[in-house]
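Structural features, examined
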Amino acid sequence: MKLAAILIDTARELLYRRTLLVYFGIVTLTLLIFAVALQTDVAGGAIASLRIFGVQGRSAPGGMSFGGGEGGGAGLSAEAFVRGMQLAVAFVLYPLGILLSVLATASLVPRMLEKGVIDLLLSKPVSRPALFLSRYLGGLLVATVNLVYLVGGLGLILGLKTGIWNGGFLASGLLMALYFACLLGFSVLVGVLSRSTTVSIMVVGVIYFVSLFVRLPHQNADWPLLITSPAWRLGTQALIEALYHGLPQSYDFGQMAARLILRQGGVAWGTAFNSALSGAGALALATFLFARRDF
Amino acid sequence: MAGGGVFGLLGPNGAGKTTLVKLALAIAFPTSGRARVLGRAPGDIAAKARIGYLPENHRYPSHLTGEQVLHYFARLSGLRDPERSRRVAALLKRVRMEGARDVKVHRYSKGMMQRLGMAQALVNEPDLLILDEPTDGVDPVGRREIRDLLLEQKERGTTIFLNSHLLSEVERLCDRVAILKEGRLVREGNVEDLTRPGGSYEVRAHHLRPDGLAALRAAAPGLVVPPPGPAGTGALRPAAASDTVLQLAGDRAALNRLIDALRAQGAEIDAVLPRRQSLEEVFVRVVGEGEP
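The structure presented is a predicted model; accordingly, all values stated were derived computationally and were not measured. (Residues numbered from 1 in each chain as written. Chains lettered and ligands numbered in written order. Predicted model: local features only at pLDDT ≥ 70, side-chain atom pairs only at ≥ 80, totals over all residues. Heavy atoms only, no water.)

1. Some thoughts on the overall build of chain A
- Scanning chain A from terminus to terminus reveals 11 helices and four strands.
- With the principal axes as the frame, chain A shows a C-alpha extent of 75 × 60 × 25 Å.
- Among the 295 residues that make up chain A, the fraction classed as buried is 47%.
- Within chain A, contacts between residues separated by at least 24 positions form 70% of all contacts whose residues are at least 6 apart in sequence.
- Taken as a whole, chain A presents about 13300 Å² of accessible surface, with 70% of it coming from carbon and sulfur.
- Across chain A, the centroid of the 20 positively charged side chains sits 7 Å from that of the 11 negatively charged ones. (Helix = DSSP H or I, 4+ residues; strand = E, 2+ residues; numbered from the N terminus. Buried < 20%, exposed > 50% of the residue type's maximum accessible area, 1.4 Å probe, protein only. Contact = heavy atoms within 4.5 Å. Areas by Shrake-Rupley, 256 points an atom, 1.4 Å probe, with all protein chains shown as cover. Lys, Arg positive; Asp, Glu negative; His and termini not counted. Charge placed at Lys NZ, Arg CZ, Asp CG, Glu CD.)

Encoded structure:
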């Protein structure tokens with residue numbers, strides 16, 4: 001019950017600051033647009049025609065066709081159309097969701113550590129690790145609920161209107177929640193170290209860009225040859241690999257989410273596990289530092 | 001510190017009062033030494049469940065109302081409904097915050113925050129109540145309310161640990177006090193003992209001779225008298241001579257010599273009172289003048 005109190009309070013605090021409410025509003029607007037703009041005619045258990053944003057789809061031998069000729073043979077199948085729609089929404093709203101979640105949750109730890117706040121919390125019969133982890137989970141919960149609302153809502157609307165249910169879309173949303181959990185681990189670590197919301201946001205931004213940057217040299221086997229000094233080459237290579245494996249692998253998460261939506265592959269478990277491990281490591285270190293610190 | 005009663009911790013800024021409280025609650029950790037609170041190590045969850053704490057400059061989540069703040073901290077203390085709701089309602093009433101229960105705390109005045117803080121500290125009906133400057137920024141009426149609330153708690157058997165700069169408040173409330181200076185305990189005892197009369201007297205007399213001051217001073221060098229008359233005369237003002245309060249810093253022998261000198265001048269003595277020191281005087285002497 002004590003931990004639930006912290007979770008609920010954290011969620012309240014995040015909603016009070018409205019950053020994530022803005023995201024919730026954007027998602028709701030998106031869902032409403034799809035609910036209103038997507039029209040289907042079902043006949044005999046199959047979609048006879050489908051209209052979205054004024055584009056008419058017709059029944060064709062291979063499924064629903066869009067934009068093709070009268071015969072419909074060269075058109076896009078309804079399944080591909082739905083996945084394409086989901087990918088387009090994910091392309092815009094996943095990064096926005098992650099960005100707003102990072103902005104909203106960056107202050108969770110610095111605010112908790114303010115004088116007069118932390119004294120009170122630590123005087124209550126709750127262990128320090130439980131207090132800290134509940135705060136983390138509260139932030140993660142709100143961000144996850146927003147992502148699930150997006151994928152669940154859009155998946156449901158498209159499923160009900162087209163009869164095409166894409167479990168990969170839901171999985172991609174959960175994958176993004178995992179990615180955010182990793183970033184949040186680093187955010188709370190910086191929060192404990194710096195007690196600053198601004199620094200937390202900046203460092204998470206740096207982590208994001210560094211993780212994108214190091215992927216290229218990680219994938220390209222020839223780049224170390226550009227460095228002539230063997231010592232420098234080895235050192236730089238080690239640094240690149242350490243950063244690639246020690247930080248959440250942002251680009252790979254995006255790729256995995258797209259593949260899941262398009263049903264072109266599953267989760268790269270190695271990548272997901274590696275990123276989860278780095279986030280968990282940051283969270284564990286943050287919890288350890290919080291538990292040992294004088295306030 | 002024994003159970004029951006009110007214990008006051010005094011000391012100048014930087015003496016270590018708040019640090020001591022933080023050590024007791026495991027908000028900070030000792031670099032050396034050992035502490036026990038309610039028979040357990042600081043930070044022990046079972047011990048914390050029996051403690052109420054009001055820190056200095058306490059702050060509450062600004063998105064909560066006063067009532068939500070109490071529910072939140074009651075939940076953190078492990079209280080369940082319906083007991084939690086009963087206590088929250090009773091405390092809001094007790095600290096006269098019922099009318100502001102639905103107001104967000106960022107709209108509260110300093111006095112309201114202190115009253116809410118007191119309610120928060122009492123929400124788990126603690127055995128030990130630790131208060132750091134509870135009357136800080138509170139007006140005299142509010143101070144009196146807080147004092148009454150603490151006296152109620154004392155009656156209930158709660159042990160109260162009070163950390164305050166307001167020595168008059170401490171003197172009124174506390175049974176025992178300790179004085180910290182530069183992190184060290186320099187004086188501890190009952191308030192009665194620390195302010196016990198000794199070496200200081202007040203003598204009320206009538207019909208002193210205006211020109212008899214020198215003789216009185218010769219008899220009792222520690223004599224403090226009212227302001228003299230016209231400069232250079234060394235005499236008492238006529239009004240003062242007719243009804244005078246003399247203060248003597250000296251032992252019983254000096255007091256008797258003064259009485260003899262007064263009687264020799266034909267003065268009438270109304271009263272001789274042993275003078276009790278205020279806690280403030282004790283504090284200033286110990287901290288300011290370095291008295292051991």
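Structure shown, so let's carry the discussion forward.
2. Section: unusual backbone geometry
All names here are of chain B.
- Of the consecutive residues D81 and P82, the connecting peptide bond is found in the cis state with omega at 5°.
- Mapped onto the elements, P82 comes out in the loop between α3 (66–76) and α4 (83–94).
- In this structure, R96 is a non-glycine residue whose phi angle is positive, near 55°.
- Following the sequence through the fold, R96 ends up in the loop between α4 and α5 (110–122).

3. Some words on the nonpolar core
- Counting residues in hydrophobic clusters, the biggest one holds 136 residues, and the most contacted among them are Y94, F132 and F290 of chain A together with Y60 of chain B.
- No other element matches helix α7 (residues 167–194) of chain A, which puts 13 residues into this core.
- Beyond its immediate chain neighbours, meaning those up to four positions away, F132 of chain A contacts V109, M112, V188, V192, L283, A286, T287 and F290 of chain A.
- Ranked by size, the runner-up nonpolar core spans 18 residues in total, among them A220, L223, L255 and A261 of chain B. (Core = buried A, V, L, I, M, F, W, Y, C linked by side-chain atoms within 4.5 Å.)

4. Quick look at the packing of aromatic side chains
- In this structure the tally under the stated criterion is eight aromatic pairs over all chains.
- Seen in terms of ring centroids, F7 of chain B and F161 of chain B are 5.6 Å apart; in terms of plane orientation they differ by 15°. Their pairing is stacked. Taken together, the residues F7 of chain B in strand β1 (residues 6–10) and F161 of chain B in strand β4 (residues 159–163) connect sequence positions 154 residues apart.
- A connected cluster of aromatic rings, assembled from ring pairs, spans F132, F290 and F295 of chain A. (Phe/Tyr/Trp six-rings, centres within 6.5 Å; stacked < 30°, edge-to-face > 60°.)

None of the figures reported here should be taken as evidence of function without further support.
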